[in-house]
Amino acid sequence: MARRAGSADMPLHGGRVPQWLGQRMARLGGIIAQAIIHHYGRDEFLRRLAHPFWFQSLGAVIGMDWHSSGITTSVIGALKRGLAPVSHELGLHVCGGRGRHSRRTPDELLSVAERTGGDGAAWIRASRLVAKVDSAAVQDGFDLYLHGFIVTDDGHWTVVQQGMDGTQRLARRYHWLSEGLRSFVETPHAAIEGRRQGAIVNLTDQRAAPSRQGQLELLNDLGPDRIVREVSRLRGGAPAATDTPFLPHLVMPEHHDVRPADVVLRRLHGALAAAAQCGPQDFSDLLLVPGVGARTVLSLAQVAEVVHGAPCRFSDPARFSLAHGGKDRQPYPVPVAVYDRTISVMKAAVTAARLGNEERLDAIRRLDRQARRLERHATGPTLPDFIAQERRRSHEYGGRSIFGHEPPPTVEMEHEG
């Protein structure tokens, strides 16, 4: 059976990603993917994509609204653009997307198969079956509008789909993983995310096997007596099936601002302490990137956690929005100068590693280890104080949002801070 990783709720959130941010998302998302593949391999990257907590954290660390359904579109789009130039070298290909892009998935899969010698027909069949199961076999009130198919040269794949319920203003994301998949119609999902909103008809649940078989029998025997007997039996009340064990459930709240309850503060304090103790001098000398200071090292620590962290580390995706802010000024404007330095450091590290020099990429891994060690006893500012400080200094970091470039704080704002 395929592994199920859990579920999560996501409110629908409007707005478009501005070009200046979308380009950076593609670059950083692609570099993060390359770092994971370099350290852990393509199959591990597919497993990460099939984990809803990690997926949401990746979207937050590259600057998308941390709580919203828009992360799905942004992550798939960023990976598709960011990995396209190196997909042949990596042996990993991102197909599909939102709307019209999802409808092009079969053609894109055929194109990949022609280049790699893969079984395009099997991939297309899998793509269509996945879409059919999530739109027909799982009747939860969500209409699919996004379909991303990520496949490797050796035929392993992950599918990420998303549906929306416009009336409820909710979205649900579905994760599939080919690893261990034996059936498309019995417990195939790696994960399903979305708000719980009452009874759901899920014919892919293993407990629904008698229902699936019964439907086939009804199709073969549509006599009225048989159907009446079945309806009578159901109205009489069949014993309820035993609930399956609870899986991790990530709840994305309606509020857009990042609040203390959304963040595991000791993890933030660990990253802050690592940034301070590793210091600007140590990291600029080690990574040979001019201008890298403690603020950039903080962002690098959170990127490093996305690359190296264990699944339990992603229970608070909001924390990763503190790396590069968000386009709507939540939790604060995107610190463009910091973002660009993060990209430069990661790109230099990955490029060197591909040429056989592991020193810079290993330094990123050591930074993650240092942050995790320090969080056991590190202290630091409260979350509101940290966010207020970031907003006061936003103009120094090249702060930018959909509202424009961030101006220096006024005297009144400085006094209030």
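Residues numbered from 1 in each chain as written. Predicted model: local features only at pLDDT ≥ 70, side-chain atom pairs only at ≥ 80, totals over all residues. Heavy atoms only, no water.

A. The arrangement of the confidence of the model for the protein in detail. Per-chain confidence: the protein averages 82 in pLDDT, with 75% of residues scoring 70 or above. Low pLDDT (under 50) marks residues 181-189, which in the prediction has 38 contacts with non-local residues, meaning those over four places away or in another chain. Confidence drops under pLDDT 50 across residues 207-232; counting only partners more than four residues distant or on other chains, this segment forms 20 contacts. (pLDDT = per-residue confidence, 0-100. Contact = heavy atoms within 4.5 Å.)

B. Quick peek at the layout of surface pockets. Roughly 790 Å³ of volume is contained in the second largest pocket. Lining the second largest pocket are 29 residues, and of these R16, V17, T73, S74 and R98 sit closest to its centre. Every element with two or more residues in the lining of the second largest pocket is listed here: α1 (19-40), α4 (70-83), β2 (92-98) and β4 (143-152). The leading source of residues in the lining of the second largest pocket is α4, at eight residues. (1 Å grid on protein atoms, 1.4 Å probe; cavity = no way out; pocket = protein on both sides within 12 Å on 5 of 7 lines; lining within 4 Å. Points joined across faces, edges and corners; volume = space filled by probe spheres on them. Helix = DSSP H or I, 4+ residues; strand = E, 2+ residues; numbered from the N terminus.)

C. Expanded view of the sheet that holds strand β11 (residues 399-401). Spatially, β10-β11-β12 is the arrangement adopted by the three strands of the open sheet, whose pairing is antiparallel. The strands lining the two open edges of the sheet, one partner per strand, are β10 (334-335) and β12 (404-405). Bridge analysis of β10 against β11 gives two bridges, and the strand direction is antiparallel. Bridge pairing links V334 to R400 in β11. (Pairing = 2+ DSSP bridges.)

D. Quick peek at the pattern of salt bridges. Applying the stated criterion across every chain yields a total of 21 salt bridges. Here R329 ties to E406 by a salt bridge, and the two come within 2.7 Å at their closest N and O atoms. Of this pair, R329 sits in the loop between α13 (321-324) and β10 while E406 is found in the loop between β12 and α17 (411-416), placing the two residues 77 residues apart along the sequence. One salt-bridge network, held together by shared partners, links R266, R267, E305, R313, D316, R319 and E375. (Salt bridge = Lys/Arg side-chain N within 4 Å of Asp/Glu carboxyl O.)

E. Region of interest: the pairing of strand β6 (residues 170-177). Of all eight residues that make up β6, eight are buried, and the element is covered over most of its length. Sheet topology places strand β5 (residues 157-165) next to β6; eight bridges connect them, and they run antiparallel. Each residue of the ladder has a partner; that of V159, found in β6, is W176. The hairpin turn running from β5 into β6, its antiparallel successor, is four residues long, and R169 in that turn takes a positive phi close to 60 degrees. (Buried < 20%, exposed > 50% of the residue type's maximum accessible area, 1.4 Å probe, protein only.)

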